[in-house]
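# Structural features, examined
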Amino acid sequence: MLQIQENVSLKPYNTFGIEAKARYFVEINEEQDLVSLFSDAQWHAFERLVIGGGSNMLLVTDFNGLVVRLNIQGISDYAEGDTVFVEAGAGEVWNDLVNFCVDNGFAGMENLSLIPGSVGASPIQNIGAYGVELKDVFESCRAFEIATQQFKTFSKEDCQFGYRESVFKSALRGQYIIVSVKFRLSVTPRLNLSYGAIEQELANRGISNPTIKEVSQVVAAIRVSKLPDPSTIGNSGSFFKNPVIPQAQFESIYKSYPAIANYPAGEGYVKLAAGWLIEQCGWKGKTIGHTGTWKNQALVLVNHGGATGQEVYSLSSQIIDSVYTKFGVMLEREVNIIQ
Ligand code: EPU
């Protein structure tokens, strides 16, 4: 039975820990709940916000519509030779799924350990860390089409994954609700240890031939050392995307800043580390009112307690302005801004 609540505080539902209210709030525990909800013309037409773990959004004000929180649970798996397919409900906590896979010896997810958020949100922005992206382990997802109230399966190709991008953020934005995701893993590990910090941490621990469990532990340790834990310091991970700029523009910046952190990004383009740019503008570890940037990672904006969404948003605008003024590079917010 669907329970629609009124005037619900969203503080427990966003990892930034921002106090904002939803006019209406409903939790979806099974697929059929979506059919019941959206076959009602009143709710179909209502402004809505679909959330999972609330780990990639900033609530700038109260939300004067219906918040739909996905809470569909369940993890199942089956093997075909070396390949293991794992299917998880959208409401499963991402890291619980990673732990399930690591504990069962299903390889592929270990570099994605400890990313906050839910399974259902993972394809939307093609989450990634330490040399691996969701698309590398994605098989398909099942999603509910709001307009027709039908369920549809999306293949990897259908999802059009890019860097922190998918069709669910672009052409199909707001049209589908992901209810479950199927992953393609392997019982034969193919470790991706290319990310410098992983190699270094394995060496520090004297591990030369790591298991997936050890890789998962090393990734978790690196994250803990660099990133604030949202259960104690509100945040949404990287607030901005790493900008991709044309080679010619890069070369002109490089002349003045030869130490600039950069990575290849396909023919004629270079990706810059937004954290580096922000740090160069003097923002790293700064506190402004109740907000600021994290002392170990300038790309992460934090709530030191009691910050409003407006305060965090306004800090992000100041950062965009100063990076643009100094480097001529326009940062793009990665976090979903709800206003
Ligand atoms: N850097 C600085 N100063 C800073 C932060 C970073 O100089 O304050 C430099 C570092 O020294 C390094 C480079 O920037 O040379 C890259 O930093 P890091 O390895 O921390 O990664 P990132 O590019 O800042 C990205 C993802 C993270 C992911 C890490 C690890 C984006 C927007 N962010 O951050 O993802 O965990 O790589 O793979 O792509 C997220 O999306 O929420 C997220 C946390």
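Residues numbered from 1 in each chain as written. Predicted model: local features only at pLDDT ≥ 70, side-chain atom pairs only at ≥ 80, totals over all residues. Heavy atoms only, no water.

## Quick look at the sheet that holds strand S14 (residues 244–246)
As a reminder of what qualifies: Should DSSP find at least two bridges between two strands, the strands are taken to pair. Only DSSP runs of H or I reaching four residues or more are called helices, and only runs of E reaching two or more are called strands; each is numbered from the N terminus. Angular values range over 0 to 180 degrees, each being the angle between N-to-C directions of two axes fitted as lines to C-alpha atoms, with helices fitted over their stretch in contact. Contacts are residue-level and defined by heavy atoms, with any inter-residue pair within 4.5 Å sufficient.
The sheet built from three strands is open, its strands ordered S14-S16-S15 with antiparallel pairing. Sheet topology places S14 and strand S15 (262–264) at the edges, where each strand pairs with a single neighbour. Each adjacent strand pair in this sheet contributes to an overall mean axis angle of 35°, direction not counted. One ladder, built from three bridges, connects S14 with strand S16 (residues 269–272); its direction is antiparallel. The partner of valine 244 across the bridge, within S16, is lysine 271. On the sheet, helix H7 (residues 247–256) packs against S14, S15 and S16 and is oriented at approximately 95° with respect to S14.

## Let's talk about the site of the ligand
Keep this limit in mind: Being near a molecule or strand, for a residue, comes down to having at least one heavy atom within 4 Å of it. Identification of polar contacts relies on pairs of N or O atoms within 3.5 Å, with a donor-acceptor requirement for protein atoms, meaning one able to donate a hydrogen and the other able to accept it, and with residues adjacent in sequence counted only if both atoms are side-chain atoms. Where accessible areas are quoted, they stem from the Shrake-Rupley method and a 1.4 Å probe; at the residue level, only the protein chains shown are allowed to cover. In this classification, Asp, Glu, Lys and Arg are treated as charged, Ala, Val, Leu, Ile, Met, Phe, Trp, Tyr, Cys and Pro as nonpolar, and every other residue, Gly included, as polar. What counts as a domain boundary in this text is fixed by an automatic or database domain assignment.
Contacts to the ligand come from 23 residues, most closely from Tyr130, Tyr163, Tyr195, Glu279 and Ala298. Within the contact set of the ligand, an oxygen atom lies 3.2 Å away from a side-chain nitrogen or oxygen of lysine 226. Asparagine 242 places a side-chain nitrogen or oxygen 2.8 Å from an oxygen atom of the ligand. A total of 810 Å² of accessible area belongs to the ligand in isolation, and the protein chains cover 81% of it. In the shell around the ligand, the residues fall into 11 nonpolar, six polar and six charged. Mapped onto the domain boundaries, the shell around the ligand takes at least three residues apiece from domain 2 (75–186) and domain 3 (234–338).

## As for the packing of aromatic side chains
Put simply, the rule reads: Any two rings among Phe, Tyr and Trp, with Trp reduced to its six-membered ring, count as a pair given centres within 6.5 Å; such a pair is stacked if its planes are under 30 degrees apart, edge-to-face if over 60, and tilted if neither. To sort residues, take the accessible area from a 1.4 Å probe on protein chains only and compare it with the maximum for the residue type: under 20% means buried, over 50% means exposed, and anything in between is partly exposed. Only when the NZ atom of a Lys or the CZ atom of an Arg is both within 6 Å of the ring centre and within 35 degrees of the ring normal do we say a charge sits over the ring.
Per the stated rule, a full pass over the model turns up 18 aromatic pairs. With a centroid separation of 4.9 Å and an interplanar angle of 65°, the aromatic rings of phenylalanine 154 and phenylalanine 168 are classed as edge-to-face. Residue phenylalanine 154 is located in strand S11 (residues 150–155), and its partner phenylalanine 168 is located in the loop between helix H4 (156–159) and strand S12 (176–186); the two are separated by 14 residues in the primary sequence. Residue phenylalanine 154 shares its accessibility class with phenylalanine 168, and that shared class is buried. Stacked on the ring of tryptophan 283, the Lys or Arg lysine 286 has its end atom at 5.6 Å from the ring centre.

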